[in-house]
Amino acid sequence: MQERPYVMSIAGFDPSGGAGLLSDSKTFEQSKVMGLGVCTALTLQTASECLSLEWRSVDEVTEAVEVLMKNYSISAVKIGIVKDAEFLGRIIETVKTGNPETEIVWDPVLKSTSEFTFFDHDSLSKLKNIINELSLITPNYNEYSVLKENGLLPDTNKCSLLIKGGHRKELLGTDILVKNGKEIFLLPNHTTNCFPKHGSGCVLSSVITAELAKGENMETACRKGKLYIEKFLNSNPTLLGTHS
């Protein structure tokens, strides 16, 4: 049997299991990759609210990333919540030092759905060059608007951009993939009967990361992610989805 590719999540710990490391691990297993994980922050949250957040130091995080990069052939990395631009930059630098060819996907969680702020917005101006070191960013429409207003969208010749459509007023649910500076792909809904889910952005970015690790191109990885997340959103009517 061919060995599953190694994929690493660098994200927060959510005790509800709906988002962050636990959610990513579930998604990786269903996507048939070998999941590894490094914790960026300890949170106390449920599916409906985040009550507290305790960041790990960037040195602790990068040390753990370095150890895993040295011991496993990691094909792709998904990054979730990070404290600020410097935190993100240090993580990317550590991954690239371990393997310059590793695909890196960042789900830029600036605020939770319940309006809990994760990312230090004072450091937004430092993001531009850092973002261009990534393979893909997956902002929702609100996060995309923040990045656009601050002139921080990636150079899509270097880093692809997937704009999630769950918060759009027009074309609700249609995701937009931009890559190579000019190629634009619309990823429409295949179903209109979706239930909101805690951590859906984590799940989508993790599927895409897993598919990239398995050798899929960016468009195919995003389309497979779209199909997966629709099943996840339709899994049950509660805020915590199940994987199948």
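Residues numbered from 1 in each chain as written. Predicted model: local features only at pLDDT ≥ 70, side-chain atom pairs only at ≥ 80, totals over all residues. Heavy atoms only, no water.

(A) Molecular detail of the sheet that holds strand S7 (residues 160-163). Strand order in the open sheet formed by 9 strands is S3-S2-S1-S4-S5-S6-S7-S8-S9, with mixed pairing between adjacent strands. Strands with a single pairing partner mark the edges of an open sheet, and in this sheet they are strand S3 (50-55) and strand S9 (183-187). Relative to strand S4 (residues 74-79), strand S1 (residues 6-13) is paired through 5 bridges, and the arrangement is parallel. Counterpart to Ser9 in the pairing with S4 is Lys78. Those strands touched by helix H2 (residues 58-71) are S1, strand S2 (34-45) and S4, and its axis lies near 165° from that of S2. (Pairing = 2+ DSSP bridges. Helix = DSSP H or I, 4+ residues; strand = E, 2+ residues; numbered from the N terminus. Contact = heavy atoms within 4.5 Å. Axes fitted to C-alpha atoms, helices over the stretch in contact; angles between N-to-C directions.)

(B) Spatial organisation of the packing of aromatic side chains. In the structure shown here, the tally under the stated rule is 4 aromatic pairs. An angle of 50° between the planes, with centres 6.1 Å apart, marks the rings of Trp106 and Phe119 as tilted. Here Trp106 is found in strand S5 (residues 103-106), whereas its partner Phe119 is found in the loop between S5 and helix H4 (127-131), with 13 residues between them in sequence. The same class applies to Trp106 and to Phe119, which are both buried. (Phe/Tyr/Trp six-rings, centres within 6.5 Å; stacked < 30°, edge-to-face > 60°. Buried < 20%, exposed > 50% of the residue type's maximum accessible area, 1.4 Å probe, protein only.)

(C) Quick look at the pairing of S1. Among the 8 residues that make up S1, 7 are buried, leaving the element largely enclosed by the rest of the structure. Alignment of S1 against S2, held across 7 bridges, turns out to be parallel. In the strand pairing of S2, Val7 is matched with Gly35. Crossover connection from S1 via helix H1 (residues 20-30) to parallel S2: handedness right-handed. (Right-handed = clockwise from strand over helix to strand, strands pointing away.)

(D) Structural context of a nonpolar patch on the surface. A contiguous nonpolar surface patch, about 230 Å² in accessible area, is contributed by Phe13, Leu22 and Leu42. On the basis of relative accessibility, which here comes to 31%, the residue Phe13 falls in the partly exposed class. (Patch = residues over 30% accessible without salt bridge, like charges linked within 9 Å, V, L, I, M, F, W, Y side chains within 5 Å. Areas by Shrake-Rupley, 256 points an atom, 1.4 Å probe, with all protein chains shown as cover. Salt bridge = Lys/Arg side-chain N within 4 Å of Asp/Glu carboxyl O.)

(E) Representation of empty space enclosed by the protein in the model. Counted under the stated rule, the structure contains 1 cavity of 30 Å³ or more. The calculated volume of the largest cavity comes to roughly 40 Å³. Along the walls of the largest cavity sit Gly17, Gly18, Ser23, Lys26, His198, Phe232, Gly241 and His243, which together make up its complete lining. Tallied by class, the residues present in the lining of the largest cavity amount to 1 nonpolar, 6 polar and 1 charged. (1 Å grid on protein atoms, 1.4 Å probe; cavity = no way out; pocket = protein on both sides within 12 Å on 5 of 7 lines; lining within 4 Å. Points joined across faces, edges and corners; volume = space filled by probe spheres on them. Nonpolar A, V, L, I, M, F, W, Y, C, P; charged D, E, K, R; others polar.)

(F) Representation of the pattern of salt bridges in the model. Scanning all chains against the criterion turns up 11 salt bridges. Notably, a salt bridge pairs Arg90 with Asp59, separated by 2.7 Å at the nearest N-O pair. In this pair, Arg90 is assigned in helix H3 (residues 85-98) and Asp59 in helix H2, connecting sequence segments 31 residues apart. For the salt bridge of Asp107 with Lys164, the shortest nitrogen-to-oxygen distance reads 3.1 Å. Pair noted here: Asp107 is in the loop between S5 and H4 and Lys164 is in the loop between S7 and strand S8 (175-179), with a separation of 57 residues, a long-range link. For the pair Asp107 and Lys164, one class covers both residues: buried. Ionic contacts of the salt-bridge type, sharing partners, join the residues Glu211, Lys214, Glu216 and Lys224 into one network.

(G) Representation of the packing of helix H6 (residues 200-213) against helix H7 (residues 218-233). Packing of H6 against H7 brings their axes to within 8 Å, and their N-to-C directions diverge by 140°. One element, H6, and the other, H7, form an angle in the oblique class. Crossing hand, H6 versus H7: right-handed. Residues Ser200, Val203, Leu204, Val207, Ile208, Glu211 and Leu212 of H6 form the contact with H7, whose participating residues are Met218, Ala221, Cys222, Lys224, Gly225, Lys226, Tyr228, Ile229, Phe232 and Leu233. Of the residues in the contact of H6 with H7, the class split is 12 nonpolar, 2 polar and 3 charged. (Parallel < 35°, antiparallel > 145°, perpendicular 65-115°, else oblique. Left-handed = near helix turned anticlockwise from the far one by under 90°.)

(H) Structural context of the side chain of Asn236. Tracing the backbone through its elements, the reader meets Asn236 in the segment after H7. For Asn236, a relative accessible area of 16% translates into the label buried. Engagement of the side chain of Asn236 in a polar contact is seen with the backbone oxygen of Leu240, the distance being 3.1 Å. Discounting chain neighbours no more than four positions away, the residues touching Asn236 are Phe195, Lys197, Gly241 and Thr242. (Polar contact = N/O pair within 3.5 Å; in protein donor to acceptor, adjacent residues only side chain to side chain.)

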